[in-house]
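Chain by chain, the residues run as shown.
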Amino acid sequence: MVRIIMHGCNGKMGQVITGLVADDPNAQIVAGIDIADNRDNGYPVFTDIKKCDVAADVIVDFAAAVAVDALLDYSVEKQIPVVLCTTGLSDEQLAKVKECSAKVAILKSANMSLGINTLMKLLKDAANVFAPAGYDIEIVEKHHNQKVDAPSGTAIALADSINEARGGEYEYVYDRSQVRKKRDKKELGISAVRGGTIVGEHEVIFAGIDEVIEFKHTAYSKSVFAKGAVEAAKFLAGKPAGMYDMADVIG
Ligand SMILES: NC(=O)c1ccc[n+]([C@@H]2O[C@H](COP(=O)([O-])OP(=O)(O)OC[C@H]3O[C@@H](n4cnc5c(N)ncnc54)[C@H](O)[C@@H]3O)[C@@H](O)[C@H]2O)c1
Ligand SMILES: O=C(O)C1=N[C@H](C(=O)O)CCC1
């Protein structure tokens, strides 16, 4: 039985995972952390992570970027591995994640779905065909109107996946409104749309002369992220310090 602390337990993702784990004979949420203590989850909820004294095997995090520093400190101090799913981290926080991964196991992924993690692999091959042929690359993502960070962590991860395959030759462009000039070949445009209850859509566009190739992933419910996060938690429990990602879980 994997004992989970759910960080951000009263948010949208925290609640989906609470429901999923309730039906899982191999996992249990033993405590939750959330500044909003407004739900009866059937486990204790701490509004301050420092006060959580419940023994656990792994922390699953879907909260807010502002909460990540205290989460990392807690995970290192208590030696509890963390599945870090919150997006919108600053460069300083990303550096801290790396530093902490020398002391505790951290699995960081902006998207826990099987589809997006498979797409990341496929994009490396596609980029190595279309980039040398001069195709322009653009990413468009769409999410619900409650999302605070833009562009999505997933859009950045998809761009990183392409850029890694191409030796880091692309510069990301998030806003074309301030500069009146044609796009450069080495630009990778990333655009964000926010509206309604869109769970998550990502389109990667390779645009060449007289042809366009599009890769599209649509999440129809938050369950795809929740399932991946619970799988990742089971994988990470008991792992030695280090940096892990969903590719380690999926294989
Ligand atoms: N990696 C993925 O697959 C994936 C999927 C969905 C969402 N996300 C990310 O997860 C995060 C949460 O998403 P959500 O839709 O559940 O958001 P949400 O706003 O519904 O939930 C966040 C919860 O965190 C709590 N919180 C905020 N600040 C806190 C703090 N300082 N300490 C403790 N709790 C705090 C809030 O009270 C809220 O209950 C976002 O960054 C989102 O982008 C990642
Ligand atoms: O709902 C969100 O917020 C999501 N955030 C992640 C991101 O920023 O990529 C993953 C998709 C859902």
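Residues numbered from 1 in each chain as written. Chains lettered and ligands numbered in written order. Predicted model: local features only at pLDDT ≥ 70, side-chain atom pairs only at ≥ 80, totals over all residues. Heavy atoms only, no water.

As recorded by an unreviewed UniProt entry, the protein carries the name 4-hydroxy-tetrahydrodipicolinate reductase and is attributed to Coprococcus hominis. Taken directly from UniProt, the Sequence similarities (unreviewed entry) text for the protein runs: "Belongs to the DapB family." As recorded by UniProt, the Pathway (unreviewed entry) comment attached to the protein reads in full: "Amino-acid biosynthesis; L-lysine biosynthesis via DAP pathway; (S)-tetrahydrodipicolinate from L-aspartate: step 4/4." (UniProt positions renumbered as here; feature names shortened; annotations may be inferred.)

Here the focus is the site of ligand 1. Around ligand 1 sit 22 residues in total, of which K12, M13, D34, T87 and K147 are the nearest. Between ligand 1 and K12, the relevant distance is 2.9 Å, taken from an oxygen atom to a main-chain nitrogen or oxygen of the residue. In the environment of ligand 1, an oxygen atom lies 2.9 Å from a nitrogen or oxygen atom belonging to the side chain of K147. Contact with the protein chains hides 80% of the accessible area of ligand 1, taken as 860 Å² for the molecule alone. Residue classes in the shell around ligand 1 are distributed as 11 nonpolar, seven polar and four charged. (Near = heavy atom within 4 Å. Polar contact = N/O pair within 3.5 Å; in protein donor to acceptor, adjacent residues only side chain to side chain. Areas by Shrake-Rupley, 256 points an atom, 1.4 Å probe, with all protein chains shown as cover. Nonpolar A, V, L, I, M, F, W, Y, C, P; charged D, E, K, R; others polar.)

Assignment of secondary structure puts V173 in strand β8 (residues 171-173). Through-space distance from the C-alpha of V173 to that of R183 is 9.5 Å; in sequence the pair is 10 residues apart. Ignoring sequence-local partners within four residues, the contact set of V173 consists of E187, L188, G189 and I190. (Helix = DSSP H or I, 4+ residues; strand = E, 2+ residues; numbered from the N terminus. Contact = heavy atoms within 4.5 Å.)

The UniProt entry lists residues 2-112 under the feature "domain: Dihydrodipicolinate reductase N-terminal" (unreviewed entry), expressed in the numbering used here. Strand forms 23% of residues 2-112 and helix 29%; the C-alpha atoms that close the span are 18 Å apart.

On the basis of which strands lie adjacent, the open sheet formed by seven strands has the order β3-β2-β1-β4-β5-β6-β12 and parallel pairing. In this open sheet, the two strands that pair with only one neighbour each are β3 (45-46) and β12 (242-244). Of the pairings in the sheet, the one linking strand β1 (residues 2-7) to strand β2 (residues 27-33) comprises six bridges and is parallel in character. By the bridge assignment for β2, R3 is matched with Q28. Sheet contacts for helix α1 (residues 12-22): β1, β2 and β4 (58-61); angle to β2, the most-contacted strand, approximately 150°. (Pairing = 2+ DSSP bridges. Axes fitted to C-alpha atoms, helices over the stretch in contact; angles between N-to-C directions.)

Bringing the domain arrangement of the protein into the picture now. Domain boundaries in the protein define domain 1 (2-108 + 223-250) and domain 2 (114-219). Centre-to-centre separation of domain 1 and domain 2, based on C-alpha positions: 28 Å. Three residues stand out in domain 1 for area buried against domain 2, namely T87, F225 and I250, and they jointly supply 57% of the buried area on that side. If you look at where domain 1 meets domain 2, you find zero salt bridges. Remark: the boundary between domain 1 and domain 2 carries two residue pairs in polar contact (both at pLDDT 80 or more). Every element with two or more residues in the side of domain 1 that touches domain 2 is listed here: α6 (223-236) and α7 (246-250). Residue classes in the side of domain 1 that touches domain 2 are distributed as four nonpolar, two polar and one charged. (Domains from an automatic or database assignment. Buried area = accessible area lost by both parts, 1.4 Å probe. Salt bridge = Lys/Arg side-chain N within 4 Å of Asp/Glu carboxyl O.)

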